[in-house]
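Results of the structural survey
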Amino acid sequence: MHFFAYKNGELYAEDVPVIEIIKEFGTPLYIYSYGTIIRHIRAYEEAFCEVPHIICYAVKANSNLALLNIFAQLGLGADIVSGGELFRALKAGIKNYRIVFAGVGKSDEEIEYALKNDILMFNVESEEELYKINDMAKKLKKKAQVALRVNPDIDPKTHKYIATGLKTSKFGIPIEKAIEYYKIAKSLDYIEVIGIHKHIGSQITDTKAYEEALSKIINLYDKLIKFDLKIDYLDIGGGLGITYKDESPPLPKDLANCLLPLLKNKKGKLILEPGRSIVGNAGILLTKILYTKKTENKNFFIVDAGMNDLIRPTLYGSYHEIQPVISKDRDRIVVDIVGPICESGDFLAKDREIEKLSPGEYLAVMSAGAYGFSMSSNYNSRPRAAEVLVKGDKYALIRKRETYKDLIRNEIIPEDLL
Ligand code: LLP
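Just so we're clear, the structure is a prediction, and the values are computed from it rather than from any experiment.

Thoughts on the packing of aromatic side chains
- In the structure shown here, the tally under the stated rule is 5 aromatic pairs.
- Between Tyr-30 and Phe-373, the ring centres sit 6.0 Å apart and the planes meet at 85 degrees, which makes this aromatic pair edge-to-face. In this pair, Tyr-30 sits in strand β4 (residues 29-33) while Phe-373 sits in the loop between β19 (362-365) and β20 (386-391), placing the two residues 343 residues apart along the sequence. In this pair, the class of Tyr-30 matches that of Phe-373, namely buried.
- Among the aromatic residues, ring-to-ring pairing joins Tyr-30, Tyr-32 and Phe-373 into one connected group.
- Above the face of the Phe-101 ring, Lys-106 is positioned so that its terminal group lies 5.5 Å from the ring centre.

Below is the structure:
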């Protein structure tokens, strides 16, 4: 069952006509489906129920507090990459002891903030970071729990910007160096080694790369155990792809079927860090057609959502399905669907066949729940979109549309200087 579906030509979000929500909150507007999110979480929980595990939702995919609060209520943890994400996760009620902190550039302030909040573990990405965390923990008279993020040198066969486990990538420590770094970690007084972490990329549509990466990590795990290192957590990262167009990515249970046999007889807890596969298909972006335009060789729909609202098509050439909010039996047309921003890269779709709509009608950009709002910006001084959560026949605003005042909130004209 799809929670965004047509009834008599009208697009619904669960049991609410999308047009009703647009009338109340305007566009550009993100709408999320509670039912979809819950279904995806259940799919993970059921797939991995036979082993002890924690699902640490990747906050970067969509960091709205209301969504994080759903995860907190369900007992999920969080995978964070900044102090800001830690702040959000804690505010939303996610337990500190289920928070893991990755990222190649953790600042002193962020490390201190995480130490003070006793998070589960730092996923350490370099030798220098190990020493830094040790020093900071010493100052705070704490022991920092860490995993090393190991780069297994695996090609996840995804867009090059979102492949993270290749030798040439900035992430993690090279697998050949892992034992050496684990020994260093073990020797540090304020570090307690508790795990291994890997994350090889995002929008992965085949289990092969996962399997290869996990085999390499397990190989390492077996060696570390021999060196008397305590590996209580095996964090396999996120990355499961979703269907944007015609991909058929593995489901959580396919992932479990391929990975769990490798984990037989291994002690410790599994950590998963899904982001996109939880929220990606749980969100849509609504936009209004402002103008239609015809040039010698192109037709355009000029809409009120731009690359500042959803940058994925611009940045990665990503495909998002785009559907009319009210669909009718009418002529079709091939168009570029473009935003109002002053950049030629500002498009949501190119050469897309769609119903011949008119200005004032609305479009839904599908599969926009992950890396949509969270990557949005104020470029061209555009206030960021509102966000709404739908649950059955009810809905609620979960982020107000920004105002012009919000745009300049932190800006100062220095009168002494000017
Ligand atoms: N864990 C770590 C350490 C990560 O770096 C990421 C994503 C995840 C988990 C979650 O991956 P997911 O399950 O969502 O694939 N902006 C890009 C995606 C960047 C992903 C960055 N890291 C996009 O829009 O496609």
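That covers the picture; the talk isn't over yet.
Side note on the pairing of strand β1 (residues 4-7)
- Examined bridge by bridge, β1 and strand β2 (residues 10-13) share 4 bridges and lie antiparallel to one another. Note on β2: the bridge partner recorded for Lys-7 is Glu-10.
- Hairpin connection of β1 to β2: 2 residues between the antiparallel strands, including Asn-8 at a positive phi of 50 degrees.

Re the packing of helix α5 (residues 108-116) against helix α6 (residues 127-139)
- The contact between α5 and α6 brings their axes to 10 Å, and the two run at 55 degrees. Taken together, the axes of α5 and α6 are oblique relative to one another. The crossing of α5 and α6 is right-handed. Packed against α5, whose contacting residues are Asp-108, Ile-111, Glu-112 and Leu-115, the element α6 presents Lys-132, Ile-133, Met-136 and Ala-137 at the interface.

Considerations on the site of the ligand
- Contacts to the ligand come from 19 residues, most closely from Ser-202, Glu-273, Arg-312, Tyr-316 and Tyr-371.
- In this structure, an oxygen atom belonging to the ligand sits 3.5 Å away from a side-chain N or O atom of Lys-60.
- A distance of 3.1 Å separates a nitrogen atom of the ligand from a polar atom in the side chain of Asp-79.
- If the ligand stood free it would expose 590 Å²; the protein chains cover 93% of that surface.
- Classifying every residue of the shell around the ligand by side-chain character gives 6 nonpolar, 7 polar and 6 charged.
- Inspection of the shell around the ligand shows a minimum of three residues originating in each of domain 1 (4-31 + 280-407) and domain 2 (95-274).

Things to note about the domain arrangement of the protein
- With domains assigned, the protein is organised as domain 1 (4-31 + 280-407) and domain 2 (95-274).
- Of note, the centres of domain 1 and domain 2, computed from C-alpha atoms alone, are 35 Å apart.
- Residue-level contacts link 10 residues of domain 1 with 8 residues of domain 2.
- Summed over both sides, the interface of domain 1 with domain 2 buries roughly 800 Å², with 58% coming from carbon and sulfur.
- Along the contact surface separating domain 1 from domain 2 lie 0 salt bridges.
- Connecting domain 1 to domain 2 are 1 residue pair in polar contact (both at pLDDT 80 or more).
- Class assignment of the residues belonging to the side of domain 1 that touches domain 2 gives a composition of 4 nonpolar, 4 polar and 2 charged.

Reading guide: rules and limits
Residues numbered from 1 in each chain as written. Predicted model: local features only at pLDDT ≥ 70, side-chain atom pairs only at ≥ 80, totals over all residues. Heavy atoms only, no water. Phe/Tyr/Trp six-rings, centres within 6.5 Å; stacked < 30°, edge-to-face > 60°. Helix = DSSP H or I, 4+ residues; strand = E, 2+ residues; numbered from the N terminus. Buried < 20%, exposed > 50% of the residue type's maximum accessible area, 1.4 Å probe, protein only. Lys NZ or Arg CZ within 6 Å of the ring centre and 35° of its normal. Pairing = 2+ DSSP bridges. Axes fitted to C-alpha atoms, helices over the stretch in contact; angles between N-to-C directions. Parallel < 35°, antiparallel > 145°, perpendicular 65-115°, else oblique. Left-handed = near helix turned anticlockwise from the far one by under 90°. Contact = heavy atoms within 4.5 Å. Near = heavy atom within 4 Å. Polar contact = N/O pair within 3.5 Å; in protein donor to acceptor, adjacent residues only side chain to side chain. Areas by Shrake-Rupley, 256 points an atom, 1.4 Å probe, with all protein chains shown as cover. Nonpolar A, V, L, I, M, F, W, Y, C, P; charged D, E, K, R; others polar. Domains from an automatic or database assignment. Buried area = accessible area lost by both parts, 1.4 Å probe. Salt bridge = Lys/Arg side-chain N within 4 Å of Asp/Glu carboxyl O.

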